[in-house]
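# Structure at a glance
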Amino acid sequence: MRTKILKYFGMVVVLIIMVNLTSCEVSIESWYDDDDYSEIYYRTTRELCSRTKEGRIINYRILERIATRTSLIIDFGGGLKQEDDLEIAFESGAQMVTGGSIAVKNPEMFTSWISKFGSEKIILGADAKEKKIAISGWEETTSQELIPFIKGYYDKGITKVICTDIARDGMLQGPAIDLYKEIRDEIPFLYIIASGGVSSIEDIEKLSEAGIPAVIFGKAIYEGKIQLKDLLRFT
């Protein structure tokens, strides 16, 4: 799904970790019973509720369980604030981490992560509301424009971005294809991972036709609108 790390997996990145953002409870066992599915579909996951209000990563044990019980390639994101967090994530089994809010609040630190760990391990998270970057679990919309924000980090070495259109996330009304095309046209060699709004296999096909190499989706799986067997065409 991405050059070097995801591209050779096909088109689809599936968001499969179910997280209660209030209690930070995660249920994973029912998703990993079938080894064939683990090999074919569950290639990249994101862990969204990873830090307490006191600032400590709390879900690294869950990350360890996923890493040791499956053959997944794991992307860990959510609440990363310091280099020690990355060390914990990598030691617990993540192959990649995604930073979003940190890239806005502390660009010097995020840039240092790119330099130290490399662009294959650091993904930029760019969540947007009306083309403005949103952070802190989407509670705060900044004045930063989406494409210049991404371009700035592309110039610093980022090669992959997860871009979520907040207005579409969880709505099952289709992805923001025009937005992703605009990003693609502005930054042709950036590896774009679309996120938000996917409701059907047809949506994934449209993204593929638009030249968007990867997509994250979850609700469409949970509600049965996309069957895992339907993804075989993209592998």
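The structure under discussion appears in the preceding block.
Here the structure is a predicted model, which means the values were calculated and not measured.

When its secondary structure is counted, the chain shows nine helices and eleven strands. Counting the 235 residues in the chain, one finds 52% classified as buried. When the accessible surface of the chain is split by element, carbon and sulfur atoms take 47% of a total near 11,100 Å².

This brings us to the pattern of salt bridges. Per the stated rule, a full pass over the model turns up ten salt bridges. The salt bridge partner of glutamate 145 is lysine 132, with a shortest N-O separation of 3.9 Å. One end of the pair, glutamate 145, is in strand β8 (residues 140-145); the other, lysine 132, is in strand β7 (residues 132-135), and 13 residues separate them in sequence. Under the relative-accessibility criterion, lysine 132 is labelled partly exposed at 27%. One salt bridge in this structure joins lysine 219 and glutamate 223, with 3.9 Å as the shortest N-O distance.

Positionally, glycine 118 belongs in the loop between α5 (107-117) and β6 (122-129). For glycine 118, a relative accessible area of 22% corresponds to the partly exposed category. Considered as a pair, glycine 118 and threonine 159 are 41 residues apart in the sequence and their alpha carbons are 9.8 Å apart.

In this section: the pairing of strand β11 (residues 214-217). Here β11 shows no split at all, with Ala214 and Ile216 on one side and Val215 and Phe217 on the other all buried. The sheet contact formed by strand β10 (residues 191-195) and β11 spans three bridges and is parallel. Bridge pairing in β11 places serine 195 opposite isoleucine 216. A crossover links β10 with its parallel partner β11, the connecting element being helix α8 (residues 201-209), and its sense is right-handed.

We now examine the pairing of β7. The pairing of β6 with β7 spans two bridges and is classified as antiparallel. Directly across from lysine 129, in β7, lies its bridge partner lysine 132. What sits between the antiparallel neighbours β6 and β7 is a turn of two residues, in which glutamate 130 has the positive phi angle 55 degrees. Of the pairings in the sheet, the one linking β7 to β8 comprises three bridges and is antiparallel in character. Bridge pairing links alanine 134 to threonine 141 in β8. In textbook terms, the turn of a hairpin is the stretch between consecutive antiparallel strands, and for β7 and β8 this stretch comprises four residues, one of which, serine 136, has a positive phi near 55 degrees.

Rules of the game
- Residues numbered from 1 in each chain as written.
- Predicted model: local features only at pLDDT ≥ 70, side-chain atom pairs only at ≥ 80, totals over all residues.
- Heavy atoms only, no water.
- Helix = DSSP H or I, 4+ residues; strand = E, 2+ residues; numbered from the N terminus.
- Buried < 20%, exposed > 50% of the residue type's maximum accessible area, 1.4 Å probe, protein only.
- Areas by Shrake-Rupley, 256 points an atom, 1.4 Å probe, with all protein chains shown as cover.
- Salt bridge = Lys/Arg side-chain N within 4 Å of Asp/Glu carboxyl O.
- Pairing = 2+ DSSP bridges.
- Right-handed = clockwise from strand over helix to strand, strands pointing away.

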